[in-house]
Amino acid sequence: MPDVRISELPAAATPGDADLAPLVQSSGTTLETRRATVSQLRTAVLADRGAHVRDYGAVGDGVANDAPAIQAAINDLKGKGGGTLSFGPRVYRIASPVSVNGATIRFQGAGFTEGFGPGQGTWLRIDGTGFTPFSFSGDVARGSAVRDIGVTQVHGAAQDASWAPTNYDFVFRVEDCFGGVDFDNLFLANVNRGIYARNSGRLDIRRLRGQVFTTGVEIDQCYDIPRIHSVHLWPFWSGNNNVVRWQQANGDAMVFRRCDGVFIDQAFALGYRSMFRFSGSAAGNTTKFYIGQAYTDFTQYGVVIEADGTDGQIANFTHQGEIFNAGGAPLAGGVGLLVNASNTRVQAGNLRIDAVEDSAIRLYGANNRLDIFSLRCVRYNYRNNGSPAIFLGDSGGATPNAVYLGSPPLLEAGNGGPLVNTDTNGGLSAGGPAGRGARPGVTVGAPDTGLFQPFGGALSASAGGTEILRATASAIQLGAPPGGHALEVATPIGGANRLAVFGGGSGSAVSVQAQGADANIDLWVTAKGGGLLRTVAPAAGDTSSAVATTAWVRAQGYINGFGGAGAPTVTSVAGRTGDVTLTTTDIGGFATAAAAAAPVASVAGRTGAVTLTTTDIGGFAAAAAAAAPVASVAGRTGAVTLSTADIGGFATAAAAAAPVASVAGRTGAVTLTTTDIGGFATAAAAAAPVASVAGRTGAVTLTTADIGGFATAAAAASPVQSVAGRTGAITLTTVDVAGVAPLASPAFTGAPTAPTPALADNSTAIATTAWVRSQGYGAGSASLPAPVVQSQKWLSPPFTNIVGLAIPANTLLLSPLPIQEAMTLDRLGLRISTAATGNCKLGAYRWDAAGSQFTLVAGSETGVGSTAVAGMLVLTPGTAIALTQPTLLWIASTFDGTPTVMTWNAGTANGGGMQPFIGQDESGGLPSTNLLAATAGFARLARTTALTWSSGAVTLPATIAATDLTRSAASPGSPVCVARRL
């Protein structure tokens with residue numbers, strides 16, 4: 001073309017990669033103009049400056065699949081040593097997987113418009129399932145990043161009650177990178193699953209926003225500090241109730257499995273099942289997690305720990321658990337902090353938990369410890385069922401769970417629910433260090449005042465740095481450290497009685513009382529050694545129940561007989577001193593009083609000259625008969641003169657005796673009058689002088705002759721000469737007592753009686769006839785016991801003939817079988833003439849009198865299967881049952897179905913249609929349908945004639961003939977009795 005200036009050239013349209021442009025290049029020593037494509041120029045200009053997806057064919061129209069172009073760009077950058085792959089402000093459809101492996105690639109977008117779907121900026125659109133859109137793997141991928149990009153997925157289901165998200169895989173998977181991949185300023189508008197990382201430490205996620213339905217972030221096998229910062233999950237795409245409530249039932253904002261030291265801060269999530277879920281995997285569990293600041297709203301579980309051994313810290317966390325758009329009602333089963341594992345350790349700084357159905361915090365498992373510095377629970381116990389703010393599960397025999405609070409919790413709007421439940425072995429407490437007296441572990445008001453623990457099992461209190469109280473299991477000491485304390489209260493051994501101290505109001509006394517279970521309790525106040533008990537002396541004129549001190553006694557003027565001060569001593573009596581014998585003349589007014597006395601009207605019912613006999617003295621004969629002559633006095637016989645030495649304790653008593661201090665309140669020479677003798681006037685007025693005694697008056701001395709019948713009574717009261725014909729030291733035996741039976745094998749005569757034992761007695765006690773009757777045994781000539789007719793265990797007379805009997809389902813049939821010989825039972829059966837529908841329950845029972853019940857000795861109460869028509873129901877017990885003779889068994893059978901017995905006749909050989917039996921398999925073979933054949937040697941049947949019905953019970957004859965117990969197939973069967981309907 002001719003030479004023209006560039007300004008003269010026509011304007012170019014939008015350049016394409018294939019468009020040409022002149023390029024001046026050197027050629028040796030000269031310059032040469034050559035052509036170059038726009039693509040060549042861009043590559044040269046942007047060398048070492050990364051790549052753009054459009055350079056590799058990405059369209060960005062939201063329709064074409066741009067994944068292959070993006071993969072081509074990644075592969076190209078990988079060959080160039082990695083780099084930044086730029087995305088323009090377009091919508092790139094991803095319909096196939098994109099993999100970053102063995103290269104460090106940084107995806108750089110153009111930002112995004114925050115909202116419900118693609119707007120301005122860079123968006124990745126995913127509309128297909130069955131693949132992972134983006135994956136990072138291999139150690140060279142460490143350092144890769146995704147920045148400033150929005151992601152959207154297509155969820156076409158109608159947003160009604162059945163809505164669920166499309167089951168897309170995680171948008172980003174980071175696996176086996178062994179190092180960090182960064183995600184910064186990422187918006188997941190309506191994503192099913194967001195980011196998954198495994199075996200890739202130092203993962204860093206910042207400024208993550210969006211609405212994620214199933215899982216926002218999941219991390220496993222992260223051994224080196226993952227970090228998550230500034231997360232905001234909110235219903236950007238849809239706030240429809242059905243969508244958000246699906247998330248509340250199924251979605252987890254963040255899931256941590258094996259993570260070492262994950263840091264989480266500035267996180268918010270709305271509308272999830274859980275915000276932080278700490279689960280385990282084959283690699284282990286999370287340790288040393290740290291949550292800085294987090295808030296979750298409309299979420300069922302704020303923090304849930306499911307893996308044993310999880311531990312970590314929570315600095316500040318707020319949880320609110322309402323159903324989305326439901327007027328404030330909480331989610332069913334919601335909990336702010338749930339531990340459903342064992343051996344976990346969590347420390348929390350500030351927790352606020354709002355709107356939970358029952359408890360705000362729940363700990364299950366065993367050996368869990370939760371430390372909370374500040375706790376606020378609002379609107380817990382919503383159902384008003386008494387739920388506590390903190391529920392501690394009982395660990396059974398394992399180490400109990402424990403919660404420690406650093407400050408009093410703030411409980412609001414909890415319907416009166418308690419702080420913690422009591423039906424647990426777990427503990428809730430405020431803990432503190434042991435400390436010491438000068439610096440208590442728990443202080444109050446000052447650093448030297450509070451509580452401390454001097455040693456294990458003890459608790460002490462200090463005031464001003466000095467120990468003033470120490471409490472152990474055995475005592476409480478008050479006032480000073482042990483050894484210098486002023487008061488000690490010891491724990492009693494039994495604890496039934498105690499000492500109570502009561503204060504008193506103004507004008508009232510304080511009191512010390514003995515209290516307890518006993519009706520009478522002594523109160524001991526004991527000094528140590530020779531110490532004395534001292535108290536305030538009452539006033540000299542006190543006449544109350546006050547304690548009389550020695551000072552008070554002295555003040556009364558009493559004399560102690562040893563020269564002590566007190567009242568003056570008596571100097572004479574009746575004007576005389578020394579050993580004074582008083583007479584009636586010494587008693588003033590005695591003669592007058594005696595003259596005024598009335599004579600005795602009668603003696604022993606008689607008047608006049610009365611001579612008394614032994615019959616006039618009540619009880620004389622019995623006393624004389626019981627009296628025995630004195631053998632010796634003071635160890636001596638014969639005429640004995642006693643001295644003071646013969647009287648035990650005389651010297652001590654004499655030494656303790658004190659002289660009379662006063663007589664009738666007077667001292668000195670005292671003359672007594674009748675007024676000085678209390679009650680004298682009344683007694684004298686009532687007394688009458690005896691007119692005569694034994695026919696004599698004056699000073700009368702009575703002799704034995706004056707007592708009528710004395711000689712006869714004395715002669716009758718002679719000492720026993722011998723016992724049982726023997727003298728000396730005699731030991732009596734039963735043979736010395738006429739008619740007494742020996743203790744061993746006594747032979748009773750007449751009609752002896754004995755106490756009747758209790759109905760259930762099963763000992764060596766004598767069985768009286770009343771006891772035997774109470775057991776319900778048959779009367780008359782019965783030689784074997786019949787079962788007692790118990791309440792709801794009634795019997796009816798046996799059938800004698802059955803024709804076409806339809807047996808109702810669950811009707812119990814009883815047949816009595818007397819066993820007259822010892823045998824070992826190993827077979828139990830029922831022969832029927834029609835097929836039985838369903839199972840037959842079959843058992844052999846014996847009456848247990850001690851337990852007042854029927855006892856199963858063989859068979860099954862759960863049922864055995866039936867066989868063919870006219871067949872045999874046979875039960876083989878697992879263990880042979882040894883039966884002693886004689887005994888009476890009851891064969892009980894019921895059917896689940898309703899079989900019909902065609903015929904049954906007591907007089908017919910084999911009994912016809914229904915025959916219960918027992919036996920032992922003497923042939924050694926298994927039972928068969930022809931079990932009753934004479935050659936089988938199996939059946940033992942009782943004839944009907946061997947049993948009779950009388951008075952509501954089965955009665956047995958005195959003897960049972962050999963033909964009544966037979967092995968013959970030609971023998972009639974046992975009678976059938978119908979018992980109660982089950």
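These numbers were taken from a predicted model, which means no experiment stands behind them. (Residues numbered from 1 in each chain as written. Predicted model: local features only at pLDDT ≥ 70, side-chain atom pairs only at ≥ 80, totals over all residues. Heavy atoms only, no water.)

Asks: Please clarify how the overall build of the protein should be interpreted in this entry.
Replies: Helices and strands together make up the secondary structure of the protein, namely ten helices and 53 strands. Within the protein, buried positions represent 36% of all 982 residues. Long-range contacts, defined here as pairs at least 24 residues apart, represent 63% of the contacts in the protein between residues at least 6 apart. (Helix = DSSP H or I, 4+ residues; strand = E, 2+ residues; numbered from the N terminus. Buried < 20%, exposed > 50% of the residue type's maximum accessible area, 1.4 Å probe, protein only. Contact = heavy atoms within 4.5 Å.)

Asks: I keep staring at the packing of aromatic side chains and nothing clicks. Help me out?
Replies: Aromatic ring pairs are reported here in terms of the distance separating the ring centres and the angle at which the planes meet. Tallying each qualifying case throughout the model produces 23 aromatic pairs. Here Phe298 and Phe324 contribute two aromatic rings whose centre-to-centre distance is 5.3 Å and whose plane-to-plane angle is 80°, an arrangement assigned as edge-to-face. Remark: Phe324 occurs in the loop between strand E19 (311–320) and strand E20 (335–339) and Phe298 occurs in strand E18 (residues 289–305); sequence separation between them is 26 residues. Pair check on accessibility: Phe298 and Phe324 agree, each one buried. Ring pairs connect the aromatic residues Phe87, Tyr92, Phe107, Phe134, Phe136, Phe172 and Phe183, which therefore count as one cluster. (Phe/Tyr/Trp six-rings, centres within 6.5 Å; stacked < 30°, edge-to-face > 60°.)

Asks: Hey, could you run me through helix H3 (residues 241–250) in this one?
Replies: Working note: α-helix, 3.6 residues per turn, so residues spaced by three or four point in the same direction. All buried positions along H3 are accounted for by Val243, Val244, Trp246, Gln247 and Gln248. Those residues of H3 hidden inside the fold are in contact with strand E14 (204–220), strand E17 (263–278) and E18. Between the side-chain oxygen at the start of H3 and the backbone nitrogen of Asn242 there is a gap of 2.8 Å, and the oxygen is on Asn240. (Polar contact = N/O pair within 3.5 Å; in protein donor to acceptor, adjacent residues only side chain to side chain.)

Asks: Could you clarify how one ought to interpret the state of the cysteines in this entry?
Replies: Counting across every chain of the model gives zero disulfides. The structure places no disulfide on Cys259, whose sulfur is separated from the nearest cysteine sulfur, that of Cys222, by 5.5 Å. (Disulfide = S-S within 2.5 Å.)

Asks: Sorry if this is basic, but what is going on with a nonpolar patch on the surface here?
Replies: A cluster of nonpolar side chains, contributed by Leu499, Val501, Val512, Leu523, Val525 and Leu533, occupies part of the molecular surface with about 620 Å² of accessible area. Mapped onto the fold, Val501 is located in strand E34 (residues 497–502). (Patch = residues over 30% accessible without salt bridge, like charges linked within 9 Å, V, L, I, M, F, W, Y side chains within 5 Å. Areas by Shrake-Rupley, 256 points an atom, 1.4 Å probe, with all protein chains shown as cover. Salt bridge = Lys/Arg side-chain N within 4 Å of Asp/Glu carboxyl O.)

Asks: Can you help me understand the pairing of strand E5 (residues 83–86) in this one?
Replies: In regular strands, side chains alternate between the two faces of the sheet. Here strand E3 (residues 51–52) runs beside E5; their pairing, made up of two bridges, is parallel. Paired with Ala51 across the bridge in E5 is Leu85. Pairing of E5 with strand E8 (residues 105–108) involves four bridges; the strand directions are parallel. Each bridged residue has a counterpart across the sheet, and for Gly83 the counterpart in E8 is Ile105. (Pairing = 2+ DSSP bridges.)

Asks: Explain the confidence of the model for the protein here, please?
Replies: When pLDDT drops low, the exact placement of atoms in the prediction is not to be read closely. Of all residues in the protein, 68% attain a pLDDT of 70 or more, and the chain-wide mean is 78. Considering only residues more than four positions removed or in separate chains, one finds that residues 867–872, a stretch of pLDDT under 50, has 18 contacts. (pLDDT = per-residue confidence, 0-100.)

Asks: Please clarify how the nonpolar core should be interpreted in this entry.
Replies: In a soluble, globular protein the nonpolar side chains are often hidden away together inside. With 88 residues, the main nonpolar core has Leu85, Phe107, Phe276 and Ile361 as its most contacted residues. The residues contacting Phe276, other than those within four sequence positions of it, are Met254, Phe256, Ile264, Ala267, Ile291, Ala294, Gly302, Val303, Val304 and Phe317. Counting six residues, the second-largest nonpolar core is a separate cluster that includes Val91, Phe112, Trp123 and Ala189. (Core = buried A, V, L, I, M, F, W, Y, C linked by side-chain atoms within 4.5 Å.)

Asks: Explanation requested: unusual backbone geometry in the structure shown.
Replies: Peptide bonds are, in most cases, trans, and in most cases residues other than glycine have a negative phi. Look at Asp176: it is not a glycine, yet its phi comes out positive at around 55°. Mapped onto the elements of the fold, Asp176 is located in the loop between strand E12 (172–175) and strand E13 (182–198). Positive phi, close to 55°, is recorded for Asn325, a residue that is not glycine. Structurally, Asn325 can be placed in the loop between E19 and E20.

Asks: Quick question: what am I supposed to make of the environment of Arg90 here?
Replies: As for its placement among the helices and strands, Arg90 is situated in the loop between E5 and strand E6 (91–94). Arg90 has contacts with Val59, Gly60, Gly121, Thr122 and Trp123, leaving out every residue within four places of it along the chain.

Asks: Looking at this structure, how should I read the sheet that holds strand E31 (residues 466–471)?
Replies: The strand order across the open sheet built from six strands is E28-E29-E30-E31-E32-E33, with neighbouring strands paired in antiparallel fashion. In the strand order of this sheet, the two ends are held by strand E28 (442–444) and strand E33 (487–490), each with one partner. Across the sheet, the mean angle separating the axes of adjacent strands is 25° when strand polarity is ignored. Strand direction decides the pairing type here: strand E29 (residues 446–452) and strand E30 (residues 459–463), joined by three bridges, are antiparallel. (Axes fitted to C-alpha atoms, helices over the stretch in contact; angles between N-to-C directions.)

Asks: Is there a simple way to think about helix H2 (residues 67–79) in this case?
Replies: With 13 residues, H2 should reach 18 Å at 1.5 Å per residue; the first-to-last C-alpha distance of 19 Å fits that figure. The complete set of buried residues in H2 reads Ala67, Ala69, Ile70, Gln71, Ala73, Ile74 and Leu77. Buried residues in H2 make contact with E3, strand E4 (61–65), E5, E6, strand E7 (98–101) and E8. Residue Gly81 follows H2 closely and has a positive phi angle near 95°. (Expected span 1.5 Å × (residues − 1).)

Asks: What is the right way to read the environment of Thr424 from this model?
Replies: Mapped onto the elements, Thr424 comes out in the loop between strand E26 (410–412) and strand E27 (427–429). Considering only alpha carbons, one finds Thr424 and Gly396, 28 residues apart in sequence, at a separation of 8.7 Å. Apart from residues no more than four positions distant in its own chain, Thr424 is found in contact with Leu392, Gly393 and Asp394. Here the side chain of Thr424 touches Gly426 through a polar contact of 2.9 Å, landing on its backbone nitrogen.

Asks: In this structure, what is going on with the pattern of salt bridges? I would like to understand it.
Replies: Any two side chains of opposite charge can pair, given that their charged atoms come close. Evaluated as defined, the whole model comprises 25 salt bridges. With a closest N to O distance of 3.1 Å, Arg207 and Asp184 form a salt bridge. Of this pair, Arg207 sits in strand E14 while Asp184 sits in strand E13, placing them 23 residues apart in sequence. In this structure Asp184 comes out as buried when scored by relative accessible area, which is 19%. A salt bridge links Arg206 to Asp204; its shortest N-O distance comes to 3.0 Å. Judged by relative accessible area, Arg206 falls into the partly exposed class, the value being 36%. The buried category is assigned to Asp204, whose relative accessible area is 15%. When salt bridges that share partners are traced, they join Asp169, Arg173, Glu175, Asp176 and Arg198 into one network.

Asks: Explain the side chain of Asn285 to me, please; I cannot follow it from the model alone.
Replies: Inspection of the secondary structure assignment puts Asn285 in the loop between E17 and E18. Looking at Asn285, the relative accessible area reads 18%, which means it is buried. One polar contact links the side chain of Asn285 to the main-chain carbonyl oxygen of Gly309, over a distance of 3.4 Å. Here Asn285 is in contact with Arg257, Arg258, Cys259, Ala307, Asp308, Gly309 and Thr310, once residues within four sequence places are set aside.

Asks: Looking at this structure, I do not really get the side chain of Asn199. What am I missing?
Replies: If you trace the backbone, Asn199 turns up in the loop between E13 and E14. Discounting residues that sit within four places of it in the chain, Asn199 has contacts with Asp176, Cys177, Phe178, Asp220, Gln221 and Tyr223.

Asks: Even after reading the chapter, I still don't get the pairing of E8, so can you show me in this structure?
Replies: Residues Ile105 and Phe107 point to one face of E8 and are all buried, whereas Arg106 and Gln108, pointing to the other face, are not buried. Bridge analysis of E8 against strand E11 (residues 145–153) gives three bridges, and the strand direction is parallel. Of the residues in E11, the one forming a bridge with Gln108 is Arg147.

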